[in-house]
Amino acid sequence: TGDVIKITGNEPTSIVTNGDFSNGTTAWTSYGATSTVSNGNLFNTSNGTQIYGTIFQDDIPLVDTLYVFTKSRVTNSLANQLRIRTSNASIQAVQSNPVNGQWYFLSAIGITTEARLEVSHQYADTDTANGKIMEVDYVGAYNVSDMIRKGIKNDNGIPFANLTNEEIKSQLDIWVENGFPT
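Everything numeric here is computed off the predicted structure, so don't read it as measured data.

Trainee: What is the right way to read the nonpolar core from this model?
Mentor: Buried together is how nonpolar side chains tend to be arranged in soluble globular proteins. Within the largest apolar cluster, 26 residues are counted, with the highest numbers of intra-cluster contacts made by Val68, Ile84, Leu117, Val136 and Val139. Those elements giving two or more residues to this core turn out to be β5 (65-74), β6 (81-86), β8 (104-111), β9 (117-122) and β10 (133-143). When near neighbours in sequence (up to four residues on either side) are disregarded, valine 136 contacts Phe21, Asn41, Leu42, Ile55, Thr70, Lys71, Ser72, Trp103 and Val119. Counting residues in each nonpolar core, the second largest holds 14 residues, with Ile109, Tyr142, Val144 and Leu163 among its members.

Set out below in structure tokens:
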């Protein structure tokens, strides 16, 4: 309703399938790597055919505005970057020179122009990439356009429709990391 101050009831549904890997690698494709799931996390091991290892999901619904996020890390000190992006980089967040074993929460917001969502780790060359591992705790995406249409408001009671994309991203970052208000 138009009276919504915060998200009430259930939190929004991610438009990513199996973003918590509770169904193993179902709905995820690996590129330049192989992937396995253990203890609820996905492990993406580069095979040395590319300078990066990637997991991706096609058929992400094209919406006006999309918020994407991941929690991931590398288990080595040689990675140039961790990133989440749509395949043409219309929406992208990058962590340059990630520290071995440190978890990173990456998120971005923008207009969707591509139906593929990717999470990857990148290296200087294929030899360096070979055998390197990225661990992913979760991946998600929310249709911000739907949230605006539903009258969702931030913690200060301001409708998303009256906020910039960066202000919406900032609020969603808090909600994703700390739980959605009920």
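That shown, we press on.
Trainee: Could you clarify how one ought to interpret the sheet that holds strand β1 (residues 29-31) in this entry?
Mentor: Note on sheets: strands pair through backbone hydrogen bonds, and any given pair is parallel or antiparallel. Spatially, β1-β4-β9-β6-β7 is the arrangement adopted by the five strands of the open sheet, whose pairing is antiparallel. Strands with a single pairing partner mark the edges of an open sheet, and in this sheet they are β1 and β7 (92-96). In this sheet, adjacent strand axes meet at a mean angle of 15° when their direction is disregarded. Pairing geometry for β6 and β9, over six bridges, is antiparallel. Across the sheet, threonine 86 pairs through a bridge with leucine 117, a residue of β9.

Trainee: Can you walk me through the environment of asparagine 156 in this structure?
Mentor: Summarising the element assignment, asparagine 156 is placed in the loop between α2 (144-149) and α3 (165-178). Counting along the chain gives 140 residues from asparagine 156 to valine 16, while the straight-line C-alpha distance between them is 28 Å.

Trainee: I keep staring at the pattern of salt bridges and nothing clicks. Help me out?
Mentor: Any two side chains of opposite charge can pair, so long as their charged atoms come close to each other. Counting across every chain of the model gives seven salt bridges. The salt bridge partner of aspartate 137 is lysine 71, with a shortest N-O separation of 3.8 Å. Taken together, the residues span a long stretch of sequence, with aspartate 137 in strand β10 and lysine 71 in strand β5 at a distance of 66 residues. Since its relative accessible area comes to 26%, lysine 71 is described here as partly exposed. The partner of glutamate 135 in a salt bridge is arginine 73, and the shortest N-O contact between them spans 2.9 Å. You can see glutamate 135 sitting in strand β10 and its partner arginine 73 sitting in strand β5, a full 62 residues away along the chain. Its relative accessible area of 7% is what places glutamate 135 among the buried residues.

Criteria and cut-off values
- Residues numbered from 1 in each chain as written.
- Predicted model: local features only at pLDDT ≥ 70, side-chain atom pairs only at ≥ 80, totals over all residues.
- Heavy atoms only, no water.
- Core = buried A, V, L, I, M, F, W, Y, C linked by side-chain atoms within 4.5 Å.
- Buried < 20%, exposed > 50% of the residue type's maximum accessible area, 1.4 Å probe, protein only.
- Helix = DSSP H or I, 4+ residues; strand = E, 2+ residues; numbered from the N terminus.
- Contact = heavy atoms within 4.5 Å.
- Pairing = 2+ DSSP bridges.
- Axes fitted to C-alpha atoms, helices over the stretch in contact; angles between N-to-C directions.
- Salt bridge = Lys/Arg side-chain N within 4 Å of Asp/Glu carboxyl O.

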